Amino acid sequence: MTIDDKGRAPSAPGEPKRVGRSPSTARDIERYAGLFASRTRGMKSSAMRDMMAVTARPEVISLAGGLPDTRSFPPETFAAMANQIAAESCARALQYGPTEGLPETIDCIAEVMAAEGMRVDADDLIVTTGGQQAIDLVTRALIDPGDVIIAEAPTYPGAVPSFASYQADVVQIDMDADGMRVDLMEETLDRLEREGRRPKFVYTVPSFQNPAGVTMSLPRRKRLVEVANEREILVLEDNPYGMLRYEGEPQTTLRSLDGGVYVMYLGTFSKILSPGIRLGWIVAPGPVLDKLNLGKQAADLCTSTLSQLMVSSYFHQVGWRDYVDSLVEIYRGRRDTMLDALERHFPPQAEWTRPAGGLFIWATLPDFIDTTDLLARALQANVAFVPGEGAYMDGRGRSSMRLNFSGVDEDEIREGVRRIGEIVQEQVELYGTLTGEQQAPARAAEGAPAEDAEGGRVVKIPTRRSGGERASGP
Ligand SMILES: Cc1ncc(COP(=O)(O)O)c(C=O)c1O
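Residues numbered from 1 in each chain as written. Predicted model: local features only at pLDDT ≥ 70, side-chain atom pairs only at ≥ 80, totals over all residues. Heavy atoms only, no water.

Engineer: Hey, could you run me through the nonpolar core in this one?
Structural biologist: Buried together is how nonpolar side chains tend to be arranged in soluble globular proteins. Residues F269 and F346 are the most contacted members of the largest nonpolar core, which totals 73 residues. A total of ten residues in this core trace back to one element, the largest contributor, which is helix α12 (residues 320–345). Beyond its immediate stretch of four places on either side in the chain, F269 contacts C108, I109, V112, S274, L279, W281, V311 and F315. Core analysis: the next-biggest nonpolar cluster, separate from the first, contains 57 residues, I150, V171, L292 and A391 among them. (Core = buried A, V, L, I, M, F, W, Y, C linked by side-chain atoms within 4.5 Å. Buried < 20%, exposed > 50% of the residue type's maximum accessible area, 1.4 Å probe, protein only. Helix = DSSP H or I, 4+ residues; strand = E, 2+ residues; numbered from the N terminus. Contact = heavy atoms within 4.5 Å.)

Engineer: Looking at this structure, how should I read the packing of aromatic side chains?
Structural biologist: When we look at a pair of aromatic rings, we describe it by the centre distance and by the angle of the planes. Enumeration according to the criterion identifies twelve aromatic pairs in this entry. Both rings, one in Y314 and one in F315, keep their centres 5.9 Å apart while their planes meet at 75 degrees; by these two values the pair is edge-to-face. Judged by relative accessible area, Y314 falls into the buried class, the value being 2%. Given a relative accessible area of 11%, F315 falls into the buried group. Among the aromatic side chains, those forming a connected cluster through ring pairs are F73, F269, W281, Y314, F315, W320 and Y323. (Phe/Tyr/Trp six-rings, centres within 6.5 Å; stacked < 30°, edge-to-face > 60°.)

Engineer: I tried to follow the side chain of T215 on my own but got confused; where do I start?
Structural biologist: In this fold, T215 is placed in the loop between β6 (201–204) and α8 (218–231). Polar side-chain contacts of T215 include one of 3.0 Å to the backbone nitrogen of F208. (Polar contact = N/O pair within 3.5 Å; in protein donor to acceptor, adjacent residues only side chain to side chain.)

Engineer: It is not clear to me how the packing of α12 against helix α14 (residues 410–435) should be interpreted in this structure. Could you clarify?
Structural biologist: How two helices pack is summed up by the angle between their axes together with the distance between the axes. Packing of α12 against α14 leaves a shortest axis separation of 9 Å and a crossing angle of 25 degrees. Considered as vectors, α12 and α14 are oriented roughly parallel to each other. Note on packing geometry: the crossing formed by α12 with α14 is right-handed. Seen from α12, the contacting residues are G333, R334, T337, M338, A341, L342 and H345; seen from α14, they are E410, I413, R414, V417, R418 and G421. (Axes fitted to C-alpha atoms, helices over the stretch in contact; angles between N-to-C directions. Parallel < 35°, antiparallel > 145°, perpendicular 65-115°, else oblique. Left-handed = near helix turned anticlockwise from the far one by under 90°.)

Engineer: Looking at this structure, I do not really get the site of the ligand. What am I missing?
Structural biologist: With respect to spatial proximity, 14 residues lie near the ligand, and among them G131, D238, Y241, T268 and S270 are the closest. In the environment of the ligand, an oxygen atom lies 2.4 Å from a nitrogen or oxygen atom belonging to the side chain of Y241. For the ligand, the protein covers 93% of the area, taking 400 Å² as the surface of the free molecule. A total of three residues in the shell around the ligand trace back to one element, the largest contributor, which is helix α5 (residues 130–142). Taken together, the residues that form the shell around the ligand break down as five nonpolar, six polar and three charged. (Near = heavy atom within 4 Å. Areas by Shrake-Rupley, 256 points an atom, 1.4 Å probe, with all protein chains shown as cover. Nonpolar A, V, L, I, M, F, W, Y, C, P; charged D, E, K, R; others polar.)

Engineer: Please clarify how the sheet that holds strand β2 (residues 125–128) should be interpreted in this entry.
Structural biologist: Across the sheet, which stays open at both edges, the eight strands sit in the order β2-β9-β8-β7-β6-β3-β4-β5 with mixed pairing between neighbours. Of all strands in the sheet, those with a lone pairing partner are β2 and β5 (179–180), marking the two edges. Note that strand β3 (residues 148–153) and β6 share three bridges and pair parallel. Looking at β6, one finds that I149 is bridged to F201. Across the sheet, helix α7 (residues 182–194) touches β3, β4 (169–176), β5 and β6, and the angle it forms with β4 is around 150 degrees. (Pairing = 2+ DSSP bridges.)

Engineer: Please clarify how unusual backbone geometry should be interpreted in this entry.
Structural biologist: Among all residues except glycine, the phi angle is most often negative; among peptide bonds, the trans geometry is most common. Cis geometry marks the peptide bond from A153 to P154, where omega comes out at 5 degrees. As for its placement among the helices and strands, P154 is situated in the loop between β3 and α6 (159–165). A positive phi angle, close to 55 degrees, is found at E232, a residue other than glycine. In this fold, E232 is placed in the loop between α8 and β7 (234–238).

Quick look at the structure:
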């Protein structure tokens, strides 16, 4: 075996090339320690990104990532898009573009927003390098160290590193099957006001939330917008999944309800076209947008012109809604398969959400099971999920997990859930042996039919564990 100059063993022939570095030695760390900015102390890695290297192994069934099924995209359409750009706008595709984005891409964005029931003008938005950059730009523009962000509990694990790196104090508000408990949010705002603190913004994924899979009800949406107006607090509405709806009626967005005074709206092509294209957008009130634009100039000057032209070429070549419809068909089947597998293989003490759209199910196990520990066992069995802890800033979520049903096919979903269920069952039995408490066996083992064929159980949002810290940033 040879070792490359970074100290890594090379990948075996036929194996995907390894990415990432080997861990730094203590001596390496010491050499640079005095040079880092203090904000880096609070920086956290995203629970999902950490696992990308492991889940890329072909033998691992990954229910961890939020990966759309890009295998379903027709290669001939991709080739036609690339050919059109080569023939018509090669020099432009290879050139820098305006920070706010190309006009033809903004037209496509206006079309997607219209499909979600919103009208938007070119001046209202900036095209970003994915929705992730929009989260970063908003946090960068609004947050000084110690400022409060209100977020859902659990929240999007990918937002956690952004919030942490700007040293925000994130206060997480519990959810139930109707989304964030806006009544609890108001109580929290009252408490913060008594402490002389005014949150800068509320971060929410109201539709088919990542990671919990739940959707905020209309009365709560209306109240949230009222509260934002009454208390003059901005809201960041993050809506990557609104078009991926498997049942029910479309929900009115917070932006539609507010008309764009306090609600900033974040969209992305990642889940309706491709995450590899890295294209998202942020709609915000003019003065906020100006600051976001300055932040983007500092971050990357402009979003990839090539990616923007790929999107506009795509919108001209084919009906983008047909592709979204085909994704909805595929994902609905996978969601149902996962719900069915959970009924069969998870113990009766487990609970999970039944999402009406999006890509995720949030499952909560008996609280003596720690899902971070469970993941190590699951990886030995070549299956992965995201431990719930990554969706909290305060150590909660340790007996929950996020399961993704869009990235693998139905056979893999069945097998992946079966493997996790088997490991959970081992833990339940071990706990029973150690404590003498009798635990009911998994439903499949009992041979009992699913007691709730709808699979719809109440969202069990975990309570804070005794060792948990205060809800705060770094
Ligand atoms: C809620 C939420 N926001 C933002 C993103 C970032 O998406 P992207 O940067 O690919 O547009 C994701 C990706 O999974 C997400 O789930």
